[in-house]
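# Fold and geometry: a report
So you can see what is in the structure, the chains are spelled out below.
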Amino acid sequence: MSSQIDPAGKPAPSTDATEWAARANQAARSVTRSFGRRLLFLPGTHLGAVSLPSRTIKSLSGPWHYWWQAHYVDCLVDAGRRELASKTKFDGDSRPSAGRLASRLVTTIRLRNLLRFVNDYYDDMAWLALATLRLEKLAEETRNPGRRRNAYVRKSLTLQFDSASTDDFGGGTFWSTKRDFKNTPATAPVALYYSRTDHAERAQKLVDWLNSKLLHPDRGVYRDGLRMSQGKVVVDEAIYTYNQGPVLGALLELGGDDNLRRAALLVDAVKRELTLPGTQVVRGDGTGDGGLFTGILLRYMALAARDARLPATTRETANSLVRSTAEAFWAGRREDPNQAKGRRGTPAIVFSFDPQRPASETYPVGAAVELSTQLQAWMALEAAATL
């Protein structure tokens, strides 16, 4: 199936909220049924395989990507919120709810991470902290109070963020325990986490640092970070799609005229700087970790599209960016009729990692399919379903 995008990059007029929700459900079923599995066959556990097809022994000895799993939690929370609204489970009454799977996943992340939530990368921990916060809220709304585990996650990871957010390099948050690089990928989600946990002053300080140190003066988007090199602090000029997302989220969460003005400018900058030529489709950033990048941006762009404090034109731009990109991922999907039930080995639906190219080209039959890229498309569809 080839991607069908009109010259303006707009989604088909017939695509309404109900259809987006149905598409998101299909993506959710494909990912959870095919990639999801128990850890060491332990009952009550759930973890996403890094790629398919996979071998159990290799998956246990190789990288398991903590931060991909954190975004898997976030996607399940998205599905859980739709379950709450529709009063219908995304995968049928005989299977676990999205919220239950998300809770199992958080528990299993700790087991796989050697019985702790702390790791060497502060951005990884920030993503899990944000996802767990959303899971806790979902649990409260479903009258299924979260376990003490969620409070433990917040306490232990907040201590990590406090230790990593120092005055070195003028502020910001370190990326890893090496403490030689402060960047947007760590600082922005930590700022968003602080803003959602009643630490607005800390959050604003981090946002101000991003604005002063990493906001590109001409392009209006955020560069990657500051690192120490040969005794000097140098700017990493790389521009990634996902870095813009949590900055946008933090600006909206903090509110206030200055932050909201900056948020509106950032939405416009994304449209100008990070879309495919002649469209309103946000570009892809490849495979591996990059396979998550566009989806993460769309998650927070959807918040802007629904925020009444922003100008109508800004909301319309954000709406179009989300829908157009989600439409491109959907139109470019490859379906496997032999895997309609999403059995392990091959996903029932394979999404391209590049919204400009169909999955039949990027993931031909027989190619290994990465979890990150499938979560990205699922995230995009969930974002569109909120509009």
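Please refer to the structure higher up on the page.
Here is a short report on the structure shown in this document. (Residues numbered from 1 in each chain as written. Predicted model: local features only at pLDDT ≥ 70, side-chain atom pairs only at ≥ 80, totals over all residues. Heavy atoms only, no water.)

## Notes on the overall build of the chain
Each helix and strand in the chain was counted, giving 14 helices and nine strands. The C-alpha radius of gyration of the chain comes to 20 Å, within 12% of the 21 Å expected for a compact globule of 387 residues. Principal-axis analysis of the C-alpha atoms places the extent of the chain at approximately 55 × 50 × 45 Å. In the chain, buried positions account for 56% of the 387 residues. Relative to all contacts within the chain whose residues are 6 or more apart in sequence, the contacts with residues 24 or more apart total 68%. (Helix = DSSP H or I, 4+ residues; strand = E, 2+ residues; numbered from the N terminus. Rg over C-alpha atoms; globule rule 2.2 N^0.38 Å. Buried < 20%, exposed > 50% of the residue type's maximum accessible area, 1.4 Å probe, protein only. Contact = heavy atoms within 4.5 Å.)

## Comments concerning the sheet that holds strand β4 (residues 181-183)
The strand order across the open sheet built from three strands is β4-β5-β6, with neighbouring strands paired in antiparallel fashion. For this open sheet the edge positions go to β4 and β6 (232-239), each flanked by a neighbour on one side alone. In this sheet, adjacent strand axes meet at a mean angle of 20 degrees when their direction is disregarded. As paired strands, strand β5 (residues 223-229) and β6 are joined by six bridges and run antiparallel to one another. In the strand pairing of β6, S229 is matched with K232. Where helix α7 (residues 184-196) meets the sheet, its contacts fall on β4 and β5, and the angle it forms with β4 comes to roughly 55 degrees. (Pairing = 2+ DSSP bridges. Axes fitted to C-alpha atoms, helices over the stretch in contact; angles between N-to-C directions.)

## A few points about the nonpolar core
In terms of nonpolar packing, the biggest core is built from 112 residues, with F161, M301 and W378 touching the most fellow members. At eleven residues, the largest contribution of residues to this core is made by helix α5 (residues 122-141). (Core = buried A, V, L, I, M, F, W, Y, C linked by side-chain atoms within 4.5 Å.)

## A look at the packing of helix α10 (residues 257-273) against helix α12 (residues 312-331)
Two elements in contact, α10 and α12, have axes separated by 10 Å at closest approach and are oriented at 40 degrees. Considering their axes alone, α10 and α12 lie oblique with respect to each other. In terms of crossing hand, the pair formed by α10 and α12 is left-handed. Of the residues in α12, those in contact with A264, V267, D268, V270 and K271 of α10 are T314, T317, A318 and L321. Per-class residue counts for the contact of α10 with α12 are five nonpolar, two polar and two charged. (Parallel < 35°, antiparallel > 145°, perpendicular 65-115°, else oblique. Left-handed = near helix turned anticlockwise from the far one by under 90°. Nonpolar A, V, L, I, M, F, W, Y, C, P; charged D, E, K, R; others polar.)

## Overview of unusual backbone geometry
In this structure, the amide linkage connecting L52 to the following residue, P53, adopts the cis form with an omega of -5 degrees. Its location among the elements puts P53 in the loop between β3 (51-52) and α2 (56-61). Backbone geometry at L115 places phi at a positive 65 degrees, although glycine is not the residue there. For L115, the location among the structural elements is in the loop between α4 (98-112) and α5. Residue classification places L115 among the exposed residues on the basis of a relative accessible area of 51%.

## Observations concerning the layout of surface pockets
Of the pockets and cavities examined, the largest pocket occupies roughly 780 Å³. Lining the largest pocket are 30 residues, with V77, R81, R134, K137 and R196 positioned closest to its centre. Contributing elements (two or more residues each) for the lining of the largest pocket: α3 (66-86), α5, α6 (148-164), α7, α11 (293-305) and α14 (371-385). When residues in the lining of the largest pocket are grouped by element, the largest group, eight residues, is from α5. Its residues placed into classes, the lining of the largest pocket shows 13 nonpolar, three polar and 14 charged. (1 Å grid on protein atoms, 1.4 Å probe; cavity = no way out; pocket = protein on both sides within 12 Å on 5 of 7 lines; lining within 4 Å. Points joined across faces, edges and corners; volume = space filled by probe spheres on them.)

All we've got here are geometric facts, nothing functional implied.
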